[in-house]
Amino acid sequence: VQLVESGGRLVQAGDSLKLFCAASERTFRTYAMGWFRQGTTQVREFLANIRWDSGTTYYGNAVKGRFTVSRDNAENMVYLQMNDLRPEDTAVYYCAATSSSQYSSSLYYDYWGQGTQVIVSA
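Residues numbered from 1 in each chain as written. Predicted model: local features only at pLDDT ≥ 70, side-chain atom pairs only at ≥ 80, totals over all residues. Heavy atoms only, no water.

Focus on the sheet that holds strand E3 (residues 17-23)
Phase 1: The antiparallel open sheet is built from four strands, whose spatial order is E1-E3-E8-E7. Strands at the two margins of the open sheet, each flanked by one partner only, are strand E1 (3-6) and strand E7 (67-72). Within this sheet the neighbouring strands show an average axis-to-axis angle of 15°, counted without direction.
Phase 2: Where E7 and strand E8 (residues 77-82) come together, six bridges link them in antiparallel fashion. Counterpart to Asp72 in the pairing with E8 is Met77. (Pairing = 2+ DSSP bridges. Helix = DSSP H or I, 4+ residues; strand = E, 2+ residues; numbered from the N terminus. Axes fitted to C-alpha atoms, helices over the stretch in contact; angles between N-to-C directions.)

Spelled out as C-alpha cells, the structure:
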C-alpha cells in the first residue's frame, strides 16, 4: 500500500487545517489507519487511529477534542481535521496503515507516507 499525504502548509495559531492521505490500493479498506507527527524530536507522536469500518477511533491526549480522523473507503482516503491549531502542533504529519489491533505505537504500522509539513505561527 502506498500512502501520500497532502494539505500541510503554514497557518496561524487558532486556524483550522485538513490533511489528506491517499492510498493506492483497494486493500486499503482492510487496514486501520493512523496519523502521527514528528517535530524536533526523533519520536513519532501518535495522534489518531480509525478502524477499517470507521466505527472506532482513538486519539492521542495532545489532540483529543481538537483533531478528528475520518476515512472514505470508496475513495481510498483518510482525513485529519485539525482545529484550534497551536505553535506546538508544528511538525511533519504522517499517515500510516496497520493490520494490527494495536494503534498507539509507530512500531505496529506497516506502511507510511512521506509526510506533509504543518507550520503554525504564533
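Read on for the rest.
Comments concerning the pairing of E7
Phase 1: Of the two faces of E7, the one lined by Phe67, Val69 and Arg71 is fully buried and the one lined by Thr68, Ser70 and Asp72 carries no buried residue.
Phase 2: Where E7 hands over to E8, the hairpin turn is made up of four residues, of which Asn76 adopts a positive phi near 55°. (Buried < 20%, exposed > 50% of the residue type's maximum accessible area, 1.4 Å probe, protein only.)

Some details on the state of the cysteines
Phase 1: Evaluated as defined, the whole model comprises one disulfide.
Phase 2: Disulfide pairing places Cys21 opposite Cys95 at an S-S distance of 2.0 Å. Judged by the sign of its S-S torsion, about 55°, the cystine formed by Cys21 and Cys95 is right-handed. Of this pair, Cys21 sits in strand E3 while Cys95 is found in strand E9 (residues 91-98), placing the two residues 74 residues apart along the sequence. You'll find Cys21 and Cys95 in the same group, each marked buried. (Disulfide = S-S within 2.5 Å.)

So, the packing of aromatic side chains
Phase 1: One pass over the full model with this rule turns up nine aromatic pairs.
Phase 2: Consider the rings of Tyr31 and Tyr111, whose centres lie 5.8 Å apart with planes at 85°: the pair is edge-to-face. One end of the pair, Tyr31, is in the loop between E3 and strand E4 (32-38); the other, Tyr111, is in strand E10 (residues 111-112), and 80 residues separate them in sequence.
Phase 3: For Tyr31, a relative accessible area of 16% gives the class buried.
Phase 4: With a centroid separation of 5.5 Å and 50° between ring planes, the pair formed by Phe46 and Tyr103 is classed as tilted. A residue pair is termed long-range when its members are at least 10 positions apart, and Phe46 in strand E5 (residues 45-50) and Tyr103 in the loop between E9 and E10 qualify at 57 residues.
Phase 5: Here the aromatic residues Phe36, Phe46, Tyr58, Tyr94, Tyr103, Tyr109 and Trp112 are joined through ring pairs into a cluster of three or more.
Phase 6: The ring centre of Tyr79 lies 4.6 Å from the NZ or CZ of Lys18, which sits over that ring.
Phase 7: Over the ring of Trp112 we find Arg44; its NZ or CZ atom is 4.7 Å from the centre of that ring. (Phe/Tyr/Trp six-rings, centres within 6.5 Å; stacked < 30°, edge-to-face > 60°. Lys NZ or Arg CZ within 6 Å of the ring centre and 35° of its normal.)

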